[in-house]
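Next come the chains, spelled out residue by residue.
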Amino acid sequence: MSRLIVVSNRVPIPDKTGTAPAGGLAVALQSALEARGGLWLGWSGQSCAEDRIGPLQMLRDGNIDYALTDLTERDVEEYYQGFANRVLWPICHYRLDLAEYGRREMAGYFRVNRFFASRLLPLIGENDLIWIHDYHLIPLAAELRRQGVKNRIGFFLHIPWPAPDVFLAMPVHEEILSSLTAYDVLGFQTEHDRENFAACLARQGLGNRLDKAHFALGSRTFTARPYPIGIETNEFVTLAQRAAGTTLHKRMLDSLDGKGLIIGVDRLDYSKGITQRIDAFETFLKRNPDSQRKVALLQITPKSRSEVPEYEAMQRAVAEQAGRVNGALGTVDWVPIRYINRSLRRPALAGLYRMAKLALVTPLRDGMNLVAKEFVAAQNEADPGVLLLSRFAGAAHELKDAVLVNPYDVEGTADAIARSLTMPLEERRDRWKSMMNALRANDVFTWCDTFLGDLSRYEQVE
């Protein structure tokens, strides 16, 4: 079995007790690295002056080597805060109005990818498999190929891939698109994302499509397929069952005082549709006055990228919006929206999911959205809650028995909230069983094994 090298912008290194940060992706990748023997390389999260970059920080845990590199303050500003998060992220989420393209940031993005390649190159063995993750590192394979690396290299995009008319509006689109053709296996969250990518290639005249999954460019061929990412389903079920007896769970039930819990959990980001969701919840309450004082929305929204002005402004706007609704509709003993601006540990979240009657997962655009899958896995099969899901989330392609909504349609979403809260038990069970079957059939370990299996077997088509 070939050794595996994983490269990502950040690396979830084990803490001093040897425990890695919780999360399905980290668990699956660490499992694959442990099984094969492997290396995980990425940014340490630390920045320094240009003349202070030192050697890689190496850490070994079990069968895995972790290699961390610092970046310069200029690198962080141009590569991470600049091009990755103020150009690629908004464009891939269909927000051309928020993309701030600059030549300096673009140059920094490619420069840092060359730097990652130079740090990785001495560590690559002849038969190593290399798996690169997400939009921060799209050009990395092309940089490695220029330096003579012939290993099998795979790439997985965790966020959506946009339609050609959106993607081609980016001034540096041709360089980004051609960089992806240097990989052997390209993974997307959904079939729709893969087809958008194929349409971009066709519009640019980059290579030929040999069949549904295979493409040729010059003497090279590469594969592009959907690999929808999952969660560690069985482990999350156990986590939710255990959480039901905790002190936090009992305190939350006491504080609800018989009211039904509606939950939303999102990182603070304009792609998550949080403001539209609050509008829909307010509309639901106004249209259904009998439901006032009977339900409460718990919106958990950890801060995100506070150094980017758009995110700082959004944090203020969401807090003000929740306060306005509470001020207009709340009473002395009932607050319609409980807004929490920090992260909670996964066991606590699992318990909150399990007690919720309804989850509002309504992003305007999302690669997958694992909150939707975690909510389904956390439910009590005897009395499951309802998942209300945006049709623009990747998860909607698998969880077809969720209540699917258009998050831009505030009144339609409000009506869907009302239907979901009055859904008969038998229908709730049927919908839950269907979605749970999908989660068990494609958990995060299946996702990892399927991608690495395809990469391991990949052969250039002559």
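It should be noted that the structure appears before, not after, this text.
What counts, and at which threshold
Residues numbered from 1 in each chain as written. Predicted model: local features only at pLDDT ≥ 70, side-chain atom pairs only at ≥ 80, totals over all residues. Heavy atoms only, no water. Helix = DSSP H or I, 4+ residues; strand = E, 2+ residues; numbered from the N terminus. Buried < 20%, exposed > 50% of the residue type's maximum accessible area, 1.4 Å probe, protein only. Contact = heavy atoms within 4.5 Å. Phe/Tyr/Trp six-rings, centres within 6.5 Å; stacked < 30°, edge-to-face > 60°. Expected span 1.5 Å × (residues − 1). Pairing = 2+ DSSP bridges. Axes fitted to C-alpha atoms, helices over the stretch in contact; angles between N-to-C directions. Parallel < 35°, antiparallel > 145°, perpendicular 65-115°, else oblique. Nonpolar A, V, L, I, M, F, W, Y, C, P; charged D, E, K, R; others polar. Core = buried A, V, L, I, M, F, W, Y, C linked by side-chain atoms within 4.5 Å. Salt bridge = Lys/Arg side-chain N within 4 Å of Asp/Glu carboxyl O. Polar contact = N/O pair within 3.5 Å; in protein donor to acceptor, adjacent residues only side chain to side chain.

A. Structural context of the overall build of the chain. If you tally the helices and strands in the chain, you get 16 helices and 16 strands. By its C-alpha atoms, the chain is 70 × 50 × 45 Å across when sized along the principal axes. Out of the 462 residues in the chain, the part that is buried amounts to 56%. Here the contacts in the chain between residues at least 6 apart in sequence split such that 77% fall between residues at least 24 apart.

B. Up close: the packing of aromatic side chains. Under the definition given, this model contains 22 aromatic pairs. Aromatic pair Phe 83 and Tyr 109: ring centres 4.7 Å apart, planes at 40°, arrangement tilted. You can see Phe 83 sitting in helix 2 (residues 73-92) and its partner Tyr 109 sitting in helix 3 (residues 103-120), a full 26 residues away along the chain. Both residues of the pair, Phe 83 and Tyr 109, belong to the buried class. Members of the aromatic cluster, connected to one another through ring pairs, are Trp 161, Phe 167, Phe 188, Phe 197, Phe 215 and Phe 222.

C. Quick look at helix 7 (residues 191-204). For helix 7, built from 14 residues, the straight-helix expectation of 20 Å at 1.5 Å per residue is met to within 8% by its first-to-last C-alpha distance of 20 Å. Within helix 7 the residues assigned to the buried category are Asp 193, Arg 194, Asn 196, Phe 197, Ala 198, Cys 200 and Leu 201. In the core, the buried residues of helix 7 are packed alongside helix 5 (164-167), helix 6 (173-180), strand 7 (185-188), strand 8 (208-209), strand 9 (214-217) and strand 10 (220-226). Following helix 7 by one or two positions, Gly 205 has its phi on the positive side, about 65°.

D. Region of interest: the sheet that holds strand 14 (residues 358-361). Across the sheet, six strands lie side by side as 13-12-11-14-15-16; this open sheet has parallel pairing. This sheet does not close on itself; its edge strands, each paired only once, are strand 13 (337-340) and strand 16 (403-405). Within the sheet, the average angular offset between the axes of one strand and its neighbour, ignoring direction, is 20°. Across two bridges, the pairing between strand 11 (residues 260-265) and strand 14 is parallel. Looking at the pairing, Ile 263 lines up with Ala 359 of strand 14.

E. Local environment of the environment of Gly 205. Position of Gly 205 among the secondary structure elements: in the loop between helix 7 and strand 8. Taking relative accessible area as the criterion, Gly 205 reaches 57% and is therefore assigned exposed. It is 36 Å that separates the C-alpha atoms of Gly 205 and Leu 71, two residues lying 134 residues apart in sequence.

F. Looking closely at the pairing of strand 1 (residues 4-10). Most of strand 1 sits out of view: six of its seven residues are buried. By the bridge criterion, four bridges tie strand 1 to strand 5 (residues 129-133) in an arrangement that is parallel. Within strand 5, the position partnered with Val 6 by the bridge is Trp 131. The sheet contact formed by strand 1 and strand 2 (residues 38-48) spans five bridges and is parallel. When the bridges of strand 2 are listed, Val 6 appears paired with Trp 40.

G. Unusual backbone geometry, seen in detail. Even without being glycine, Asp 134 reaches a positive phi, approximately 80°. Take Asp 134: its relative accessible area is 13%, and that puts it in the buried class.

H. Molecular detail of the environment of Arg 74. Secondary-structure assignment places Arg 74 in helix 2. Separated by 38 residues in the primary sequence, Arg 74 and Arg 36 have C-alpha atoms spaced 36 Å apart. Ignoring sequence-local partners within four residues, the contact set of Arg 74 consists of Glu 50 and Arg 111.

I. Representation of the packing of helix 10 (residues 274-287) against helix 11 (residues 309-329) in the model. Interhelical geometry of helix 10 versus helix 11 gives an angle of 5° and a closest axis separation of 10 Å. By the angle class used here, helix 10 and helix 11 are roughly parallel. Only Met 314, Val 318, Gln 321, Ala 322, Arg 324, Val 325 and Leu 329 of helix 11 make contact with helix 10, whose side of the interface consists of Ile 274, Thr 275, Ile 278, Asp 279, Glu 282 and Leu 285. Class assignment of the residues belonging to the contact of helix 10 with helix 11 gives a composition of eight nonpolar, two polar and three charged.

J. Local environment of the nonpolar core. Core analysis: the biggest nonpolar cluster contains 154 residues, and Ile 132, Trp 161, Ile 176, Phe 197, Ile 263, Leu 387 and Leu 389 have the highest contact counts within it. If you tally residues by element for this core, the top one is helix 2, at 10 residues.

K. Molecular detail of the pairing of strand 14. Of the two faces of strand 14, the one holding Leu 358 and Leu 360 and the one holding Ala 359 and Val 361 are both buried throughout. Sheet topology note: the strand 14/strand 15 (residues 386-390) ladder contains four bridges and is parallel. Each residue of the ladder has a partner; that of Ala 359, found in strand 15, is Leu 387.

L. Broad picture of the sheet that holds strand 7. In spatial order, the strands read 3-4-2-1-5-6-7-10-9-8; together these 10 strands make up an open sheet with mixed pairing. Each edge of the sheet is formed by a strand with only one pairing partner; in this case those strands are strand 3 (57-61) and strand 8. Packing against the sheet, helix 7 makes contact with strand 7, strand 8, strand 9 and strand 10, and its axis sits at approximately 145° to strand 10.

M. Region of the structure containing the pattern of salt bridges. Considering all chains together, one arrives at 36 salt bridges under this definition. Ionic pairing is found between Arg 74 and Glu 50, a salt bridge with its closest N-O pair at 3.5 Å. Placement of Arg 74 in helix 2 and of Glu 50 in the loop between strand 2 and strand 3 is noted, with a sequence separation of 24 residues between them. Connected through shared salt-bridge partners, Glu 50, Arg 74, Asp 75, Glu 77, Glu 78, Arg 104, Glu 105 and Arg 111 make up one network.

N. Representation of the side chain of Glu 143 within the structure. The residue Glu 143 is located in helix 4 (residues 140-146) in this model. There is a polar contact of 3.2 Å between the side chain of Glu 143 and the side chain of Arg 146. Glu 143 has contacts with Phe 110, Asn 113, Arg 114 and Ala 117, leaving out every residue within four places of it along the chain.

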